[in-house]
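The primary structure of each chain is shown beneath.
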Amino acid sequence: MAKVCILIGGSRGLGKSLLALYQQQGFTVLELSRSGSGDEHLELDMSRREAAIDTVDRMLADLARERWDEVQLIINAATIGPIGPLALSEPKQWWQHLDVNFTVPISILGRYQYHFGAYPARKVAAFVSSGAAHSAIDGWGLYCASKAGVNHFLRVMAVEQSLQPLPIECAILDPGVMATQMQATLREASVAQFSQVQSFIQLHQNGQLAAPETVAQNIYRRLAEPVSHTEVLDVSGH
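Residues numbered from 1 in each chain as written. Predicted model: local features only at pLDDT ≥ 70, side-chain atom pairs only at ≥ 80, totals over all residues. Heavy atoms only, no water.

Enquirer: Account for the overall build of the protein, naming residues and giving values.
Expert: Looking only at helices and strands, one finds seven helices and seven strands in the protein. Reading the secondary structure of the protein in the N-to-C direction produces β-α-β-β-α-β-α-β-α-β-α-α-α-β. The principal-axis extent of the C-alpha atoms belonging to the protein is close to 50 × 35 × 35 Å. For the protein, the proportion of its 238 residues judged to be buried stands at 49%. Positive and negative charge centroids in the protein, built from 18 and 23 side chains respectively, lie 1 Å apart. (Helix = DSSP H or I, 4+ residues; strand = E, 2+ residues; numbered from the N terminus. Buried < 20%, exposed > 50% of the residue type's maximum accessible area, 1.4 Å probe, protein only. Lys, Arg positive; Asp, Glu negative; His and termini not counted. Charge placed at Lys NZ, Arg CZ, Asp CG, Glu CD.)

Enquirer: Got a sec to walk through the pattern of salt bridges? Specific residues and values, please.
Expert: Counting across every chain of the model gives eight salt bridges. A salt bridge links Arg49 to Glu50; the nearest nitrogen and oxygen atoms lie 3.7 Å apart. The exposure class of Arg49 is partly exposed, given its relative accessible area of 40%. In this structure, the salt-bridge partner of Arg49 is Asp99, at a minimum N-O distance of 3.2 Å. Placement of the pair is Arg49 in helix H2 (residues 49-64) and Asp99 in helix H3 (residues 91-116), with a sequence separation of 50 residues. A relative accessible area of 11% places Asp99 in the buried class. Three or more residues joined by partner-sharing salt bridges are found here, namely Arg49, Glu50 and Asp99. (Salt bridge = Lys/Arg side-chain N within 4 Å of Asp/Glu carboxyl O.)

Enquirer: Tell me what's going on with the packing of H2 against H3, and back it up with residues and numbers.
Expert: Where H2 contacts H3, the two axes come as close as 10 Å, and the packing angle between them is 25 degrees. Accordingly, the angle class assigned to the pair H2 and H3 is roughly parallel. Considering how the two elements wind past one another, H2 and H3 form a crossing that is right-handed. Contacts between H2 and H3 involve Arg49, Ala52, Ile53, Val56, Asp57, Leu60, Ala61, Leu63 and Ala64 from the first element and Asp99, Thr103, Val104, Ser107, Ile108, Arg111, Tyr112, His115 and Phe116 from the second. Taken together, the residues that form the contact of H2 with H3 break down as 11 nonpolar, three polar and four charged. (Axes fitted to C-alpha atoms, helices over the stretch in contact; angles between N-to-C directions. Parallel < 35°, antiparallel > 145°, perpendicular 65-115°, else oblique. Left-handed = near helix turned anticlockwise from the far one by under 90°. Contact = heavy atoms within 4.5 Å. Nonpolar A, V, L, I, M, F, W, Y, C, P; charged D, E, K, R; others polar.)

Enquirer: Give a description of H2 that names residues and reports values.
Expert: Count 3.6 residues to each turn of an α-helix, and residues three or four apart come out pointing the same way. With 16 residues, H2 should reach 22 Å at 1.5 Å per residue; the first-to-last C-alpha distance of 22 Å fits that figure. Within H2 the residues assigned to the buried category are Ala52, Ile53, Thr55, Val56, Met59, Leu60, Ala61 and Leu63. Each element contacted by the buried residues of H2 is listed here: strand E1 (3-8), strand E2 (28-33), strand E3 (41-43) and H3. (Expected span 1.5 Å × (residues − 1).)

Enquirer: Give a detailed account of H3, specifying residues and quantitative values.
Expert: Along its 26 residues, H3 runs 35 Å from first to last C-alpha, staying within 8% of the 38 Å computed at 1.5 Å per residue. Along its length, H3 shows its largest kink, about 50 degrees, at Asp99. Three or more residues of H3 are buried, namely His97, Asp99, Val100, Asn101, Val104, Pro105, Ile106, Ile108, Leu109, Tyr112, His115 and Phe116. Buried residues belonging to H3 abut E1, H2, strand E4 (70-75), strand E5 (122-128) and helix H4 (141-162). (Bend = angle between axes of the 7 residues up to and from the residue.)

Enquirer: Break down the packing of H3 against H4 for me, citing the residues and quoting the values.
Expert: In contact at an axis separation of 9 Å, H3 and H4 are set at 10 degrees when each is read in the N-to-C sense. In terms of orientation, H3 and H4 fall into the roughly parallel class. The segment H3 lies against H4, with Trp94, His97, Leu98, Asn101, Phe102, Pro105, Ile106, Leu109 and Gln113 engaging Leu142, Tyr143, Ser146, Gly149, Val150, Phe153, Leu154, Met157, Glu160 and Gln161. Across the contact of H3 with H4, the residue classes break down as 12 nonpolar, six polar and one charged.

Here it is, written out as structure tokens:
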């Protein structure tokens, strides 16, 4: 079978683990990020939304001209900053965050529908979400809002796809807490930015952060099965 995985954000952490695993499982992988490398890498700066969606659009159009038995799209790219109440940062920083975490992911999902909606293969659209999507965490207002927004968009997309003859399966993934650069960034925040910073330091000190490789394996196994609902799928490492 000819299988392809379009991985948005696969240069480090969970994305890097997903890239290696999907390649091991026989998928052709296209990895899009700012800092990736290798033959499968395409440059993608999601903070420059017009250029980013043009890149994705061309890539999807090229893929749709080929014959695939399975097409998986996994949106993993995200940014946590700026951390803290909005009074501590500037509007340009907010807009950049929302482009990376909200505007461009939804735009990618829209173009995926355009190019692959009628494509005769198994098709999956998966979004790596966060517990922050349904929790109010001080200092994370933009991150909580953007994750929740894409979650709900994907729920609506799933309803729309259920009405189509060749539907795209939609998956919202909760990876739990992992040993990634994002966690390291959070541990460096001040209490003024994020009052719960000490609890995240303790998670690290107590060895309670899951390995990205474990979460990647959980994602692969879950997406190998049919996705028939829009509940958040627990793919955490604990």
